[in-house]
Amino acid sequence: MATLKTVILIPALNEAETISDVVSGVREYGTPLVVSDGSTDDTAGAARAAGAEVLESPINRGYEGALDAGFAKAAELDAEIVITFDADGQFNPKLLGDIQSEIAATGVSLVFGVRPTYARIGECLFGYYTRIRYDVRDILCGVKAYPIALYLEHGQFDGGRSVGTELALAALRRGDRFVTIPAEVRPRQDDKPRFGSGWRGNKRILIALLDAVVLDLRHIFGKLAL
């Protein structure tokens, strides 16, 4: 199977300390595309110096907004596969090679990373639901591979409050084939959370879970009505 053109999409907010190493680590697996989402440090400059394509937003649009902008840019770059990847250095870049090997071996380009543990109770509940519903244990893992065709057909990555799960769940609802792959997590060198913490972070996830359940029920009853 020919190598598919791959963009490694990295949303980043004030990650100047880690972004150079992350970009350098992922370059062998595709084109690094960093979306600096309202960063007030030198995230964009450090990413650019390390060899990444960079999108800069003057305001913070949030995780979903950053990835939505990144997918649009990846389409402009003629990507065939987009792999989302975190900017904080917690994932080993070699995971990208494992994903590409899995795509080459199976022909399935929708790949979900699965972390060994959850960071929040909300993630545990969301993961329990998607495991029962779709056999996907970690829908919130920041490492996922998508065919760009899926994004183009759906029309967006995320409308704004699904915590980055909208496109993945849209694919699962329509029955797209997927594979999962273990994604070990390394400790951060600081205590900065990706989004929210405590009740605030769990609240966002639980709202996204409720939205997902409602959409799943609409999808099920819509099929029954046909």
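The coordinates are above.
Our next topic: the overall build of the protein chain. A tally of helices and strands in the protein chain yields eight helices and seven strands. Once the C-alpha set of the protein chain is aligned to its principal axes, its extents read approximately 55 × 45 × 30 Å. Per-residue burial over the protein chain gives 50% buried out of 226 residues. Looking at the protein chain alone, contacts between residues at least 24 apart form 73% of all its contacts between residues at least 6 apart. For the protein chain, the exposed surface amounts to about 10900 Å²; the carbon and sulfur share of it is 53%. One way to put it: in the protein chain the 25 positive side-chain charges average out to a point 5 Å from where the 30 negative ones average out.

A word on helix H5 (residues 121-134). Residues that lie three or four places apart on an α-helix share one face, since the helix turns once every 3.6 residues. Over its 14 residues, H5 extends 20 Å from the first C-alpha to the last, a length consistent with the 20 Å expected when each residue adds 1.5 Å. Those residues of H5 not exposed but buried are Gly122, Glu123, Phe126, Gly127, Thr130 and Tyr134. Down the axis of H5, the sector holding all buried residues measures 125°, keeping them to one side. Exposed and facing more than 90 degrees away from the buried side of H5 are Ile121 and Ile132.

Core analysis: the biggest nonpolar cluster contains 34 residues, and Phe71, Phe126, Ile139 and Tyr146 have the highest contact counts within it. Secondary structure elements with two or more residues in this core: strand S1 (6-12), strand S2 (31-37), helix H3 (62-76), H5, helix H6 (148-154), helix H7 (166-173) and helix H8 (198-225). Setting aside chain neighbours within four positions, we find Tyr146 in contact with Phe71, Glu80, Ile81, Val82, Thr84, Ser109, Leu110, Phe157, Gly164, Leu167 and Ala168. The next biggest cluster of nonpolar side chains, apart from the first, holds 32 residues, and it includes Ala50, Val54, Ala87 and Ile99.

Checked against the element boundaries, Ser36 lands in strand S2. For Ser36, a relative accessible area of 4% puts it in the buried group. Discounting residues that sit within four places of it in the chain, Ser36 has contacts with Ala12, Thr43, Ala44, Leu55, Glu56 and Ser57.

Our focus in this paragraph is the state of the cysteines. Taken as a whole and assessed by the stated rule, the structure comprises zero disulfides. Take Cys124: it sits in no disulfide, and the sulfur closest to it among the cysteines is that of Cys141, at 15 Å. By relative accessible area, Cys141 is classed as buried at 1%.

Below, the discussion takes up the pairing of strand S6 (residues 144-147). Because side chains alternate across S6, one face comprises the buried residues Lys144 and Tyr146, and the other comprises Ala145 and Pro147, equally buried. Relative to S6, strand S4 (residues 81-84) is paired through four bridges, and the arrangement is antiparallel. Bridging from a neighbouring strand, Ile83 pairs with Ala145 of S6. Two elements, strand S5 (residues 111-114) and S6, share two bridges in a ladder whose sense is antiparallel. In the sheet register, Phe112 faces S6, and the bridge partner there is Lys144.

Quick look at the pattern of salt bridges now. With the rule as written, the count across this model stands at 12 salt bridges. For the salt bridge of Glu123 with Arg115, the shortest nitrogen-to-oxygen distance reads 2.6 Å. Given a relative accessible area of 4%, Glu123 falls into the buried group. Owing to a relative accessible area of 12%, Arg115 belongs among the buried residues under this scheme. Across the pair Asp216 and Arg173 runs a salt bridge, and its minimum N-O distance is 2.5 Å. A residue pair is termed long-range when its members are at least 10 positions apart, and Asp216 in helix H8 and Arg173 in helix H7 qualify at 43 residues. Of the residues examined, Asp216 reaches a relative accessible area of 1% and is grouped as buried. For Arg173, a relative accessible area of 16% gives the class buried. Taken together, the shared-partner salt bridges connect Arg115, Arg120, Glu123 and Asp138 into one network.

So, how was this worked out
- Residues numbered from 1 in each chain as written.
- Predicted model: local features only at pLDDT ≥ 70, side-chain atom pairs only at ≥ 80, totals over all residues.
- Heavy atoms only, no water.
- Helix = DSSP H or I, 4+ residues; strand = E, 2+ residues; numbered from the N terminus.
- Buried < 20%, exposed > 50% of the residue type's maximum accessible area, 1.4 Å probe, protein only.
- Contact = heavy atoms within 4.5 Å.
- Areas by Shrake-Rupley, 256 points an atom, 1.4 Å probe, with all protein chains shown as cover.
- Lys, Arg positive; Asp, Glu negative; His and termini not counted.
- Charge placed at Lys NZ, Arg CZ, Asp CG, Glu CD.
- Expected span 1.5 Å × (residues − 1).
- Arc of directions from axis to C-beta.
- Core = buried A, V, L, I, M, F, W, Y, C linked by side-chain atoms within 4.5 Å.
- Disulfide = S-S within 2.5 Å.
- Pairing = 2+ DSSP bridges.
- Salt bridge = Lys/Arg side-chain N within 4 Å of Asp/Glu carboxyl O.

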